[in-house]
Every structure is written in C-alpha cells, then in structure tokens.
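# Summary of the model geometry
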Amino acid sequence: MQHTKSSIPLAERLRPTSLHDYIGQKHLVGEGAVLQKMIETGSISSFILWGPPGVGKTTLAKIVAAQLERPFYTLSAISSGVKDVREVISKAKNSSFFSKPNPILFIDEIHRFSKSQQDSLLGAIEQGVVTLIGATTENPSFEVISPLLSRCQVYTLKHLEEQDLVQLMQHALAHDADLKLRSIHVEETEALLRFAGGDARKLLNILELVVNADNANEVHITNEVVTNRLQENPSAYDKNGEMHYDIISAFIKSVRGSDPDAAVYWLARMVEGGEDPRFIARRLVILAAEDIGLANPNALLLANTCFDSIHKVGWPEGRIILSEVTLYLATSPKSNSAYEAINAAQAEVRKTGNLPVPLHLRNAPTKLMKDFDYGKGYKYAHAYENNFAEQQFVPDKISKQRFYRPGKNAAEKTILDRLKLWWGKRFE
C-alpha cells in the first residue's frame, strides 16, 4: 500500500513550540531552572547555548522568543557577514518603540563568526537594541571574543538521555499525522538509541527512514531492521552535517590507534567537507596531551605550533600543516598517563573535599603565621644533594595515594627510573 509522505522532515514537523512539549535539558527548563524563570518573569539577558547537534538549541531559542512575544531575527554564521549583522540591527532599531521589548537576535553556529562580525554585535547588545541568543557546538571560551562573552551567560545543553529519546519516539508515534496513518510496532529500541547517540534529530531521522523504507501498512521496528536500513543508506539519517561528529570521532580514534593512513584519510574527509581548520587543530592539541602525553612531550609543542600556524597561514596551505602534525601524532608512542593522573586526582578531591595543606608547606609571610608553625620543617630541595629531599607534600589522609603511573614507553621509563631513585618503593 502506497502512503502519501509529507515533504517536511519528521524532525521539523515535530519541532516543539512551547516548553511544555520540549523534551530534555531539565537543568535549564525544568521547574525553577534558569530559562524557566526568565520566561516566567519576562526578564531575559543575552546568553549562548553550547551543546552538541540535535539537542534543541535552535528550538529553545525560538520558544523563548515566542513565549516572551519578542520579535525574532535569525542569522546563520555560515552565510552571514558584517553587512547582514548591521542590517538586522538597523531593522531592530527601526522597529523599536518606547514601551516595546527589544527583539531577540538568534545566531546559529556563532563560533564561526569572525572577530569583526562579533565586534559588530557589541554596541547593539550594550545599548539593549537586541538581546543575543547564540548557539554553538564549540566551547565559547575558545571561539567567542572576550568582550562579547562577558556580556552573555553560557548555558550548556547535554546529549539527551535514553528515557528522553524514548519519550520523543513515543510522542512522534502518537502525534505525527504521517506516522499515525501506519501501524508501527517498536519491538526493540537498542539500535535506534545507539545510532541516535543522544541526538533527537538523528533519532527522528532514523525513525522516518525506517518507516518510509517499508511500504506495508504494518511496520515492525527491530534492531536488525534499523541496522540493515542504515547500512543500505548510511547518510540518510545524517542530515544537516551531523556526520561531522562521526568523522572527527574516527579521526581521533585513528590517531590514538597509531594508524597514519586512516588518520590522514579522515583528515582529508574533513578538509574536503569544508571543516573549519581551527576545529581540527584544536582536536590535535587535545590528542597530543591526552593520548601521546609524556611518551613524547614534543607532540604537544608541535600541535600547539600547528594551531598558531593555521591562524597565520589559512587555507588551503593549512591542510599541509594539519597533515604533518596528524602523521606525527599518529606515529608517536602513546601514553594517557597525564589524562589518567588528573582524572584520579580530581576523583580523590571530590571524595575527600578540601583537605588542609600541611603546615610545613604553607606560606608564612607574617610573624603570627610563623608562630603557628607555618612553613616549619619545610626542606628546600636545592639545598640538598641532587636537588631532592624526601618529605610529604600531600595531606596525611591521602599520603599513600598514587595518581601518576608512568606509561610503558621509553620516555616514561626514564621518568620512572628517576622517580624510583628519589622515592624508592613508592614507585615500585
């Protein structure tokens, strides 16, 4: 039986128009949460929504504007220039009246705005001509200029939880006019949820793909059916560039796995796909610290140089720099000891709280502090042979804890030998 299908994608048909229908992000929109309060009081300040694709950033901005009954202007950082920003600001000024609330200017992918584009927003935000809502998949502290960032709150959106995705799927089956025409039985959800990866748009795209691939009135959705449909058409559910995250994941794992051919292939996919070179360079810096680490400390220096060079050289020559550093990191020895050490130390801090600093390690700038034995018994390392004097540098409660465990590679074997010489059995 042939079914008439809407030309509007399911994810767009189901885009919520009020907080009542909005699924997920309870830390922002739940009872008593910050955005809920903004809407209730009618008082809104500029903010940036930071989170992965498909978690509701654009939808949330539209809901805020609609519920506050504000004029809503939108710009995409990919296709808009300074001229477009100034035109929108001019429209906002011309449409403002004494008692009328200022419009909301929504900028999608604000991390792609250049410095001059971001500068052009400052005056309008300061003067209250517009209230800015930005959306970004990148850490704003890297990509948004300080003057603009200081005028905005940053709210983090998270991947949707499994129960959120199940709720969304059930809502789609119960309320979408097209889906209600069919008899759809969801017998297994594991593959649906796994391929969606916390992304609401992906989930709805997959659901639509699976249903539309079957012309029968009765549709049975199982893990096998979902997997087969996606293998037949792997990009069909990856609309609007979400594959970007799958490719960067493959790139990172190829470098970590020491496969230079795979790493440079995924790099080429990103270059050909028009990926922002700064995004790639930032990932190389993180990789150098997290996955190569102390096995080859020069990796971080080279990755950082790559990041600086990309800004100076630009495109297309920047691809050569990215290739060189990608291959260098992929072929370097690997160690995640620094990553594991800070994770272990943070876990201990969360468990034990603010333990007091041992007295002999405290600074003693006043006589009263000296009278209380601040600094007493501290051994100045340079006054001892080999610039080392054994003493305790942590609170008593965690004196037996080890956070740094050298990796099994030539560089860290040298470090381990040195630690054994200094500390003896502690590093056996």
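Structure's up top.
Here goes a summary of the coordinates provided. (Residues numbered from 1 in each chain as written. Predicted model: local features only at pLDDT ≥ 70, side-chain atom pairs only at ≥ 80, totals over all residues. Heavy atoms only, no water.)

### Description of the overall build of the chain
In terms of regular secondary structure, the chain is built from 21 helices and seven strands. A principal-axis box enclosing the C-alpha atoms of the chain has dimensions of 85 × 60 × 45 Å. Here the chain holds 428 residues, and the buried ones make up 41% of them. Across the chain, contacts joining residues at least 24 apart in sequence account for 74% of those joining residues at least 6 apart. Of the accessible surface of the chain, which amounts to about 23,300 Å², a share of 53% is contributed by carbon and sulfur atoms. (Helix = DSSP H or I, 4+ residues; strand = E, 2+ residues; numbered from the N terminus. Buried < 20%, exposed > 50% of the residue type's maximum accessible area, 1.4 Å probe, protein only. Contact = heavy atoms within 4.5 Å. Areas by Shrake-Rupley, 256 points an atom, 1.4 Å probe, with all protein chains shown as cover.)

### Quick notes on the environment of lysine 37
Within the secondary structure, lysine 37 sits in helix 3 (residues 34-41). Distance from lysine 37 to leucine 322, taken between C-alpha atoms, is 45 Å for residues 285 residues apart in sequence.

### Digging into the side chain of serine 120
By the secondary structure assignment, serine 120 is in helix 6 (residues 115-126). The contact partners of serine 120, leaving out residues within four places of it in the chain, are Val82, Val85 and Ile89.

### Let's talk about the pattern of salt bridges
Close approach of charged atoms allows side chains with opposite charge to pair. Inspection of the entire model under this criterion finds 16 salt bridges. Close ionic contact of aspartate 119 with lysine 115 constitutes a salt bridge, the shortest N to O distance being 3.0 Å. With aspartate 119 and lysine 115 both in helix 6 and four residues apart, the pair spans about one turn of that helix. Given the relative accessible area of 31%, aspartate 119 is considered partly exposed. For arginine 278, the salt bridge goes to aspartate 276, with nearest N and O atoms at 3.0 Å. Take arginine 278: its relative accessible area is 23%, and that puts it in the partly exposed class. Here the residues in one salt-bridge network are Arg13, Asp176, Asp178 and Glu208, joined through shared partners. (Salt bridge = Lys/Arg side-chain N within 4 Å of Asp/Glu carboxyl O.)

### Quick word on the packing of aromatic side chains
This model, assessed by the stated rule, comprises five aromatic pairs. Ring plane angle 70° and centroid distance 4.8 Å describe the contact between tyrosine 265 and tryptophan 266, whose orientation is recorded as edge-to-face. Residue classification places tyrosine 265 among the partly exposed positions, given a relative accessible area of 43%. Judged by relative accessible area, tryptophan 266 falls into the partly exposed class, the value being 22%. One aromatic cluster in this structure is built from Phe388, Trp422 and Trp423. (Phe/Tyr/Trp six-rings, centres within 6.5 Å; stacked < 30°, edge-to-face > 60°.)

### Brief notes about a negative patch on the surface
A surface patch of like charges, here negative, comprises Glu187, Glu188, Glu218 and Glu224. In this structure, glutamate 224 sits in helix 13 (residues 223-232). (Patch = residues over 30% accessible without salt bridge, like charges linked within 9 Å, V, L, I, M, F, W, Y side chains within 5 Å. Lys, Arg positive; Asp, Glu negative; His and termini not counted. Charge placed at Lys NZ, Arg CZ, Asp CG, Glu CD.)

### Some remarks on a nonpolar patch on the surface
On the surface, Tyr378, Tyr380 and Phe393 cluster together into a nonpolar patch covering about 350 Å² of accessible area. As for its placement among the helices and strands, tyrosine 378 is situated in the loop between helix 20 (367-371) and helix 21 (410-423).

### Some remarks on helix 12 (residues 200-212)
Taking 1.5 Å of rise per residue, the 13 residues of helix 12 would be expected to cover 18 Å, and the 18 Å separating its terminal C-alpha atoms lies within 8% of that figure. Within helix 12, eleven of the 13 residues are buried, which leaves the element mostly enclosed by the surrounding structure. Taken together, the buried positions of helix 12 are Ala200, Lys202, Leu203, Leu204, Asn205, Ile206, Leu207, Glu208, Leu209, Val210 and Val211. Where helix 12 begins, the side chain of aspartate 199 points an oxygen toward the backbone nitrogen of arginine 201, at a separation of 2.9 Å. (Expected span 1.5 Å × (residues − 1). Polar contact = N/O pair within 3.5 Å; in protein donor to acceptor, adjacent residues only side chain to side chain.)

### A look at the pairing of strand 3 (residues 104-108)
For strand 3, the tally of buried residues reaches four of five residues, placing the bulk of the element in the interior. As paired strands, strand 2 (residues 72-76) and strand 3 are joined by five bridges and run parallel to one another. Residue pairing in the sheet places threonine 74 in a bridge with phenylalanine 106 of strand 3. In the sheet, strand 3 pairs with strand 4 (residues 131-136) via five bridges, with the strands oriented parallel. Paired with aspartate 108 across the bridge in strand 4 is alanine 135. Viewed along the sheet, the connection from strand 3 through helix 6 into strand 4 turns out right-handed. (Pairing = 2+ DSSP bridges. Right-handed = clockwise from strand over helix to strand, strands pointing away.)

### Here's the deal with the sheet that holds strand 1 (residues 47-50)
Spatial ordering of the open sheet is given by 2-3-4-1-5, a layout of five strands whose pairing is parallel. Each end of this open sheet is capped by a strand with a single partner; those strands are strand 2 and strand 5 (153-156). The sheet shows a mean angle of 20° between the axes of neighbouring strands, direction not considered. (Axes fitted to C-alpha atoms, helices over the stretch in contact; angles between N-to-C directions.)

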